[in-house]
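Summary of structural features
Listed below, chain by chain, are the residues.
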Amino acid sequence: MASLEKEGLVEESRSSISQESACISDLGNLDSAEASKSSNIFSVFLEPIQWIQMLSSQLNPTFIIGIVIVYGLNLGFSGSFFKVVTDYYWKDVQKVQPSVVQLYIGLYYIPWIMKPVWGLLTDVFPIRGYRRRPYFVLAGVLGGVSALMVALIGNLPAALALSCFIGIAAGMAIADVTIDACIATNSIEVRSLAPDMQSLCGFCSSAGALIGYSTSGFFVHHLGAQGALILMAIPPVFITVLGFVIYEMRSPCLHPEKQKKMGTLGVAVKGMYQTIKFPQVWKPSLYMYLSLALSISTHEGQFYWYTDPKAGPGFSQESVGAIYAIGAMASMVGVLIYHKTLKDIPFRNLLFFAQLLYGASGMLDLIFILRWNLVLGIPDYFFVITEECISRIISRIRWIPMIVLSTRLCPLGIEGTFFALLMCIDSLGSLTSKWGGGMVLHVFVTRTDFTNLWLVILIRNILRIATLGLIFLVPKADPSDALIPQDILMTHSTVTSDDEGLELVPKNDRSPELLLNL
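Per an unreviewed UniProt entry, the protein goes by the name Major facilitator superfamily (MFS) profile domain-containing protein and belongs to Gossypium darwinii. Annotation of the protein in UniProt includes, under Subcellular location (unreviewed entry), the sentence "Membrane". As recorded by UniProt, the Sequence similarities (unreviewed entry) comment attached to the protein reads in full: "Belongs to the major facilitator superfamily. Folate-biopterin transporter (TC 2.A.71) family."

Shown next, in the form of C-alpha cells:
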C-alpha cells in the first residue's frame, strides 16, 4: 500500500514537472517570437546601413561619400532648390518678363550639353597626376563663388546674374561628370554592383530633391529670393572638400608635354568614334535618345492649366511645391522597388514593361484634364498627388536601367568621356522632347485657351506607347553582363597605360566576354 502511494506521488511529481517544463517551453517560444518580431523591425532600419557598409567594403568609402555629396547635395538638393528660388529671383528681384525667363532658363543647360568636354578634360588632362580630384575642387569653387556673388551683391545686372546662374549650373555639371566617371570605372571593374551604385545615386538624388522642394518656399518667404540663394553655396563647399579627400592613385608620369597631351586627346576621340560604331553601343544609345525625344514634354501647358483658377483647379504655389515634394518621395519608392525586385532583370524585358506602364500612366493626365476625376468623386488635389506619385515611380524604374545600361557601354580608359557623351545624348533627347512639346502646345494651346490640351496629352501618350516598337534596339543582356568586346576595353585602357585612372577598387575582372544577343 505504501509502495502504491509512493508511485502515485512520483507520477504526480513527474506530471507537474512536465507541465512546468511545457510552460517554460511556451514562454521561451513566446520570447523567441517576440525577439524575432523585434529583430525584423530592427532589420528594416539596419538593412540600408548594412547595404551601405557592403558597398563601402567592396568599393572605397570615400567614393560612396562622393556619391552622397554629388547626387544628394549637388544634384538633388541644389537642383530642386535652384529651380524654385531662381524663378522667384527673376520674378521678384529682377522683375523680368516670363518669356525672357524662359530664354534664360534655356541657357542654364549649356554646361550640361558640354558634358563630353568636361569628360575629356577629366580623362585626358590630369592635373598634378590626378584626373578626378582637381575637377571636384574646380566645380566646388566655381559653384560656390557664383552663388555668393548673386546672393550678396545687391542690384546685380541681369546679365551678370545670368552668368552667375550659369556658373552654378557649370559647377553642378562638372561635379556630376567627374563622379559619373568614377561610377563608370567601378561599374566596369565590379559589374555585379553596377545596379547598386545606380540605386544609391537615385535614392540620394530623390532624398536631396525632397529636402530642396520642401524647404525652398520656407527660405524664400523668410530670407527673400536673393537671400535664399546663399544656401546654394553650401553644397559647393562639400564638393571642394571631396576633391581633397576622395581616394585616387596619383600617376607616376604626368605627361607635361603638350604634344603628348594632344596625342592622348586624339586617341580618346578616336576611341569614342570606334566605340560608338559598334551595334552593341549605337543601338541602345539610339533607343535612349528616341525614347526621351518621342515622349514630348507638355509640362508648361499643364502647369498653366493647374494654376488657372477658371479653366483648371487653380492650385496655389504652396500646393505646387507640396506636390513636387511628394513626387520626390515617390521617386525614392521607385528606387527601392528597382533595387529590391528589378535590378537583375534583363534590360530589354524591364525597359519594355517600364515603357508600357509609362504610356499607360499618362492616361491619368488625360482623365485629370477632362475632369473625369470629379465625375468619379475624386478631389483634384488627391488625384494629382496620386498621379504624380505613380508617374515618378514609373519614371525612376524606367530611368535607372538606362543609366546602368549606359555604364555598361563605356570602355575603360575613356569611361568618363564616353559616359558624358551618352549623358549628352540623353540631354539632347530631353531638349528635343521640350521643343517638340512646345511646338505642339503652340498649335493647340494658348495662355488662356486650354480647350485642346486634352488632345496634346493624347498625342504624347500615343508617342510614348509607339516607342515600344523600338525596344529591339535594347540588348537582352543582364545588368552584370559585358556589352562591348574585350579588345575595346584592352585597347582603350592603354590610353592611360600608366594607371592615371581612379583606382577605387581592385582590378579583379577586366576580361568580360562579348555578348551579341541583341
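Next comes the rest of the account.
1. So, the state of the cysteines
Across all of its chains, the model carries zero disulfides by this definition. The cysteine C201 is free of any disulfide, with C204 supplying the nearest cysteine sulfur at 7.0 Å.

2. As for the layout of surface pockets
What the second largest pocket holds in volume is close to 290 Å³. Taken together, 14 residues line the second largest pocket, and the ones lying closest to its centre are P48, W51, F203, L336 and H339. Among the elements of the structure, α1 (2–58), α8 (194–228) and α13 (317–342) are those that each provide at least two residues to the lining of the second largest pocket. At five residues, the largest contribution of residues to the lining of the second largest pocket is made by α1. Considering only residue class, the lining of the second largest pocket consists of ten nonpolar, two polar and two charged.

3. Section: the nonpolar core
Across soluble globular proteins, you tend to see nonpolar side chains buried next to one another. Counting 87 residues, the largest nonpolar core has F63, Y89, W90, F165 and I179 as the members making the most contacts within it. Residue contributions to this core peak at 15 residues, all from helix α2 (residues 61–93). Contact partners of F165, with chain neighbours within four places excluded, come to F82, T86, Y89, W90, Y108, V150 and L229. Counting residues in each nonpolar core, the second largest holds 35 residues, with V335, F347, C410 and L422 among its members.

4. Observations regarding empty space enclosed by the protein
It is the rolling of a water-molecule-sized probe over the atoms that shows where space remains empty. Evaluated as defined, the whole model comprises two cavities of 30 Å³ or more. By volume, the second largest cavity is sized at about 60 Å³. N74, S78, A139, G143, I168, G171, M172, M232, P235, P236 and I239 together form the lining of the second largest cavity. Taken together, the residues of the lining of the second largest cavity break down into seven nonpolar, four polar and no charged.

5. Comments concerning the pattern of salt bridges
What the rule picks out here adds up to six salt bridges. Across the pair D380 and R371 runs a salt bridge, and its minimum N-O distance is 2.8 Å. What makes D380 buried here is its relative accessible area of 14%. Three or more residues joined by partner-sharing salt bridges are found here, namely K115, D176 and D180.

6. Here we look at helix α7 (residues 158–189)
The terminal C-alpha atoms of α7 lie 47 Å apart, and with 32 residues this matches the ideal 46 Å at 1.5 Å per residue to within 8%. For α7, the tally of buried residues reaches 27 of 32 residues, placing the bulk of the element in the interior.

7. A word on the confidence of the model for the protein
Mean pLDDT over the protein stands at 76; residues scoring 70 or higher make up 78%. Scored below 50 in pLDDT, residues 1–7 shows zero contacts in the model against residues more than four places distant or in partner chains. Across residues 491–518, confidence stays below pLDDT 50; counting only partners more than four residues off in sequence or on other chains, it has 85 contacts.

8. Re a nonpolar patch on the surface
Together, V141, V145, L148, M149, L152, I153, L160 and I230 give the surface a local cluster of nonpolar side chains, amounting to about 630 Å² of exposed area. The element that contributes the greatest number of residues to the nonpolar patch is helix α6 (residues 133–152), accounting for five residues. With respect to the element layout, M149 can be found in helix α6.

9. Focus: the packing of aromatic side chains
If you walk through the whole model with that rule in mind, you get seven aromatic pairs. Both rings, one in F77 and one in F81, keep their centres 5.3 Å apart while their planes meet at 20°; by these two values the pair is stacked. With F77 and F81 both in helix α2 and four residues apart, the pair spans about one turn of that helix. Classification of F77 as buried rests on a relative accessible area of 13%. Taking the centre distance of 5.4 Å and the plane angle of 80° together, the rings of F218 and F219 count as edge-to-face. You can call F218 partly exposed: its relative accessible area is 49%. Judged by its relative accessible area of 25%, F219 falls in the partly exposed class. Members of the aromatic cluster, each reached through a chain of ring pairs, are F77, F81, F218 and F219. Geometry around Y358 places R398 over its ring, the cationic atom sitting 4.1 Å from the centre. Taking the ring centre of Y358 as reference, the NZ or CZ of R464 above it sits at 3.9 Å.

Rules used in this analysis
- Sequence order as written defines the numbering, with residues in each chain counted from 1.
- For this predicted model, a pLDDT threshold of at least 70 governs which residues receive local features, and a threshold of 80 or more governs which side-chain atom pairs are given and counted, while totals over whole chains, interfaces and linings are taken from all residues.
- Excluding hydrogens and water, the side-chain figures rest on all heavy atoms present in the structure.
- UniProt positions are given in the numbering used here, feature names are shortened, and annotations may be inferred rather than shown by experiment.
- Our working definition of a disulfide is a cysteine sulfur pair at a distance within 2.5 Å.
- Only protein atoms enter the calculation, which uses a 1 Å grid: trapped sets of points that fit a 1.4 Å probe without letting it out are cavities, open sets showing protein on both sides within 12 Å along at least five of seven lines are pockets, and any residue with an atom within 4 Å of a point is a lining residue.
- Grid points are joined across faces, edges and corners, and a volume is the space filled by probe spheres set on the points.
- Under the scheme used here, helices are H or I runs from DSSP no shorter than 4 residues and strands are E runs no shorter than 2 residues, and both carry numbers assigned from the N terminus.
- In this count, Pro and Cys sit with the nonpolar residues alongside Ala, Val, Leu, Ile, Met, Phe, Trp and Tyr, while Asp, Glu, Lys and Arg are called charged and the others, Gly among them, polar.
- Nine residue types can take part in a nonpolar core, namely buried Ala, Val, Leu, Ile, Met, Phe, Trp, Tyr and Cys, and a core is a set of them joined through side-chain atoms within 4.5 Å.
- Only protein chains enter the accessibility calculation, which uses a 1.4 Å probe; a residue whose area is less than 20% of its type maximum is buried, one above 50% is exposed, and one in between is partly exposed.
- Should any heavy atoms of two residues lie within 4.5 Å, those residues are considered in contact.
- Salt bridges are identified by distance alone: a Lys or Arg side-chain nitrogen within 4 Å of an Asp or Glu carboxyl oxygen.
- In this scheme, a helix's expected span is set at 1.5 Å multiplied by one less than its residue total.
- A score between 0 and 100, pLDDT records how confident the predictor is in each residue.
- Each patch is built from salt-bridge-free residues with over 30% relative accessible area, joining like charges within 9 Å and nonpolar side chains (Val, Leu, Ile, Met, Phe, Trp, Tyr) within 5 Å.
- To measure how exposed things are, a 1.4 Å probe is used in the Shrake-Rupley method; for residues, cover is taken only from the protein chains shown.
- In this analysis, rings of Phe, Tyr and Trp, with Trp reduced to its six-membered ring, are considered paired at centre separations within 6.5 Å, and the interplanar angle assigns stacked below 30 degrees, edge-to-face beyond 60, and tilted for intermediate values.
- Only Lys NZ and Arg CZ are tested; either one counts as a charge over a ring when it is within 6 Å of the ring centre and within 35 degrees of the ring normal.

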